[in-house]
Amino acid sequence: MDILIEQEIALHQYETRQCKSEISRLIHCDFKEVGESGLSYDYLSIIEMMENEKPSNGSIHSQDYECIPLESSVQLLLYQSVSVDETGNLSHFAKRSSIWVLNGTHWQLKYHQGTVCEPFNIINTDAP
């Protein structure tokens, strides 16, 4: 589970999202997403969205990870996330689910969904 959490958190980072080699390593070519807005994305549209992102002083805090094996090469990762801006304000509380598949020797994100939720208590954060 640790590698999946590490990779999930990497995808929250602007630097990772701007690196084409990292994106192709981490995201499966058949990727699908239903965002917290309800909009759907595929591999090409998520790549385009990431390419157009602007740097931010904010961050994404994530917590309460749970990994559920669906098969030995397919894992469901559940967690909560919140956006933290540069002044410490919290927004975009969401429950998240990601399906990771083992593609040869490395794990790739094949499906992701974010669902808006009520604010929750933040634990283990370095946010201001």
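Above: the structure in question.
Below is a summary of the structure that appears in this document. (Residues numbered from 1 in each chain as written. Predicted model: local features only at pLDDT ≥ 70, side-chain atom pairs only at ≥ 80, totals over all residues. Heavy atoms only, no water.)

**Looking at the layout of surface pockets**
Under the convention used in this document: Site definitions follow a grid-based scheme: protein atoms alone, a 1 Å grid, a 1.4 Å probe that fits but cannot get out for cavities, and for pockets an open set with protein on both sides within 12 Å along at least five of seven lines, plus lining residues having an atom within 4 Å of a point. Grid points are joined across faces, edges and corners, and a volume is the space filled by probe spheres set on the points. Secondary structure follows DSSP: runs of H or I at least 4 residues long count as helices, runs of E at least 2 residues long count as strands, and numbering of each begins at the N terminus.
One number sums up the size of the largest pocket: a volume of about 1000 Å³. Taken together, 37 residues make up the lining of the largest pocket; nearest its centre are His12, Arg17, Glu53, Ile60 and Ser83. Considering every element that reaches the lining of the largest pocket, the biggest residue donor is strand 4 (residues 74-84), with 5 residues.

**Comments concerning helix 4 (residues 43-51)**
Stated precisely, the cut-off is as follows: Note on exposure labels: buried denotes an accessible area under 20% of the residue type's maximum, exposed denotes more than 50%, and partly exposed covers the range between, all computed with a 1.4 Å probe on protein chains only. It is the directions from the helix axis to the C-beta atoms whose arc is reported. Contacts described as polar in this section are N or O atom pairs within 3.5 Å, which, within protein, must combine one atom able to donate a hydrogen with one able to accept it, while residues neighboring in sequence count only if both atoms come from side chains.
Those residues of helix 4 that sit buried are Ile46, Ile47 and Met50. Around the axis of helix 4, the buried residues are gathered within 100 degrees of arc, so they sit on the same side. A side-chain oxygen of the first residue of helix 4 lies 3.3 Å from the backbone nitrogen of Leu44; this N-cap is Asp42.

**Considering the side chain of His12**
Our working rule: Every residue pair with non-hydrogen atoms within 4.5 Å of one another is taken to be in contact.
Of note, His12 is situated in the loop between helix 1 (2-11) and helix 2 (14-17). The class of His12 is buried, set by a relative accessible area of 18%. Among the polar contacts made by the side chain of His12, one reaches the side chain of Tyr79 at a distance of 3.2 Å. Excluding residues within four positions of it along the chain, His12 makes contact with Arg17, Ile60, Ser62, Tyr65 and Tyr79.

**Let's talk about the packing of aromatic side chains**
Threshold: Think of it this way: a Phe, Tyr or Trp ring, Trp meaning its six-membered ring, pairs with another when their centres are within 6.5 Å, and the plane angle makes it stacked under 30 degrees, edge-to-face over 60, tilted otherwise.
If you walk through the whole model with that rule in mind, you get 2 aromatic pairs. Here Phe93 and Phe120 contribute two aromatic rings whose centre-to-centre distance is 5.0 Å and whose plane-to-plane angle is 90 degrees, an arrangement assigned as edge-to-face. Placement of the pair is Phe93 in strand 5 (residues 90-103) and Phe120 in the segment after strand 6 (106-116), with a sequence separation of 27 residues.

**Description of the nonpolar core**
Put simply, the rule reads: The term nonpolar core refers to a set of buried residues drawn from Ala, Val, Leu, Ile, Met, Phe, Trp, Tyr and Cys, joined through side-chain atoms within 4.5 Å.
Ranked by size, the top nonpolar core spans 17 residues in total, and within it Leu11, Ile23, Ile27, Leu77 and Trp100 carry the most contacts. Take this core: its biggest share by element is 4 residues, from helix 1. With near-sequence residues (within four places) excluded, Ile23 lies in contact with Leu11, Thr16, Arg17, Tyr43, Ile47 and Met50. Listed in part, the 5 residues of the second largest apolar core include Val84, Phe93, Cys117 and Phe120.

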